[in-house]
Every structure is written in C-alpha cells, then in structure tokens.
Amino acid sequence: MLAYSFAGMAQLCHLNARYEERTSKVIFDWNMIRHSTKTAYVLLKSTDTKTWTEIVTDKVRRNYTPEDVFDYDERVSRDQKFFYRLKIIDENNETVTVSNTVTISTEAEQNTWVIYPNPVNNILHLSCQGSNIINGVINVTVQDITGKIVIRFRAASINRKLEIPVSQLLRGMYIVQISITNEIVMTQKFLKQP
C-alpha cells in the first residue's frame with residue numbers, strides 16, 4: 001500500500017526497508033523533505049497497522065533537503081510480520097508528512113525479488129527468487145526521488161521475471177516498488193544512467 005502525503009502537506013518522504021535473514025535485522029534508509037521550518041523524523045512500527053510504536057526519534061530539528069538520506073537497522077524476531085512508516089514532524093511537533101508503509105515478513109521460505117543491473121541504461125530486470133506461489137497480480141511502480149510515479153507496470157502472477165523499460169527516464173536515482181495484493185514485497189533504489 002502506498003501512502004501519499006496528506007492534502008496541504010509537503011512532499012512525500014520515502015522509506016525503504018529490507019530484512020536481512022543472516023543477522024535478523026531490518027535495514028532502513030529514507031530521504032527527508034524540504035520544508036519551510038525545521039523538521040525531524042520519527043520511525044514507527046506496528047504489527048497490525050492500527051497501533052504504532054516509536055522505535056527511533058530524531059530529537060534535533062534541522063532544515064533538510066530531499067538529498068539528505070538516513071539509515072537505521074533494528075533486530076527483529078523471526079516468523080512475524082511488521083509494518084513500518086516514517087513521520088516527519090516540525091518544530092511544534094505537528095505532522096508535516098507521513099511516508100509510505102513498508103511491510104517486512106520474517107517468515108521462513110519467502111520469495112525475494114532481485115533487481116539488475118544497477119546502474120541501468122535501458123531495461124531493468126526484476127527476478128523473483130524462491131519457490132512459493134505468487135498469489136495475486138504483480139504491480140510495479142517506479143518513482144523519482146520526489147515520490148512522483150513515473151512508470152506503472154502490471155504482470156500476471158505466473159511471471160517470475162519482469163523487464164521494465166527505463167530508457168526514457170532522465171539520469172538519476174529512482175525507487176522501484178513491487179506490490180502483490182496491496183502488500184509491498186520489495187522496495188529498492190536504482191540509478192538510471194544515460
């Protein structure tokens with residue numbers, strides 16, 4: 001599920017996360033936003049998308065730009081599903097914007113998606129690694145660094161290898177996201193070269 005900024009709020013900040021099975025950690029990175037006042041971030045976690053808990057908070061308010069990227073990692077238990085999102089707050093602790101919601105499953109025997117090449121010139125390849133059945137339509141979106149969707153692509157669940165033409169994109173950083181039945185299964189950055 002993509003979560004866009006609320007009406008009247010600043011542009012979307014984008015949260016990326018992946019589960020590293022070897023260390024039992026969720027690895028995060030995100031970009032910040034430019035806002036008229038100083039802002040800070042709060043990383044939130046949920047197991048049901050109804051109750052959210054702060055897991056890390058930036059105590060210092062700063063003037064950020066979209067080029068400011070941060071990272072964090074958290075050790076999690078296995079065989080569970082977690083939801084994460086980022087809230088950007090201003091000097092008055094008012095919410096400026098909320099990022100996309102990322103779903104992380106630490107259950108064994110899950111499919112994982114790999115993208116290549118990265119950097120890419122013409123065709124971005126997406127490959128599903130794993131033997132589990134894909135239940136639902138595969139939805140792929142490509143966003144620029146500001147969160148604007150520049151490519152939408154749909155494929156039947158029988159496809160385990162996808163090719164996304166990206167030759168028309170301008171040089172720069174992009175975010176590819178795969179969702180199946182409204183659940184985000186992969187979010188990753190890639191660099192488009194001329």
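Given the structure is predicted, the values throughout are model-derived calculations rather than measurements.

This part covers the nonpolar core. Residues W113, L124, L126, I138, V176 and F190 are the most contacted members of the largest nonpolar core, which totals 22 residues. The element that contributes the greatest number of residues to this core is strand β14 (residues 172–180), accounting for four residues. Non-local contacts of W113, meaning those with residues more than four positions away in its chain, are made with L126, S127, C128, I134, I138, N159, R160, L162, I178, I180, V185 and M186. By size, the runner-up hydrophobic cluster in this structure holds 21 residues, among which are C13, F28, Y64 and V76.

What follows concerns the confidence of the model for the protein. Within the protein, residue pLDDT values average 85, and 92% of them lie at 70 or more. Low pLDDT, under 50, characterises residues 1–11; the stretch is placed with 31 contacts to residues that sit more than four places away or in other chains.

On to the pairing of strand β3 (residues 39–46). In terms of burial, β3 is a largely internal element, eight of the eight residues being buried. Neither face of β3 is open: one carries T39, Y41, L43 and K45, the other A40, V42, L44 and S46, and all of them are buried. As paired strands, β3 and strand β6 (residues 81–90) are joined by eight bridges and run antiparallel to one another. Each bridged residue has a counterpart across the sheet, and for L43 the counterpart in β6 is L86. Relative to strand β4 (residues 53–57), β3 is paired through four bridges, and the arrangement is antiparallel. Counterpart to K45 in the pairing with β4 is T53. The hairpin formed by β3 and β4 contains six residues between the paired strands, and T49 there has a positive phi angle of roughly 65°.

Conventions and cut-offs
Numbering of residues starts from 1 in every chain and runs along the sequence as written. Predicted model: local features are reported for residues with pLDDT of at least 70 only, side-chain atom pairs are reported and counted for 80 or more only, and whole-chain, interface and lining totals are derived from all residues. Side-chain metrics rest on all non-hydrogen atoms present in the structure, leaving aside hydrogens and water. Definition of nonpolar core: a set of buried residues of the types Ala, Val, Leu, Ile, Met, Phe, Trp, Tyr and Cys, connected through side-chain atoms within 4.5 Å. Exposure categories follow from relative accessible area, calculated using a 1.4 Å probe and restricted to protein chains: below 20% of the type maximum is buried, above 50% is exposed, and the middle band is partly exposed. For helices the rule is a DSSP run of H or I covering at least 4 residues; for strands it is a run of E covering at least 2, with both sets numbered from the N terminus onward. Residues count as neighbours in contact if any of their non-hydrogen atoms are within 4.5 Å of one another. Confidence of the predictor at the level of single residues is given by pLDDT, which spans 0 to 100. At least two DSSP bridges between two strands are required for those strands to pair.

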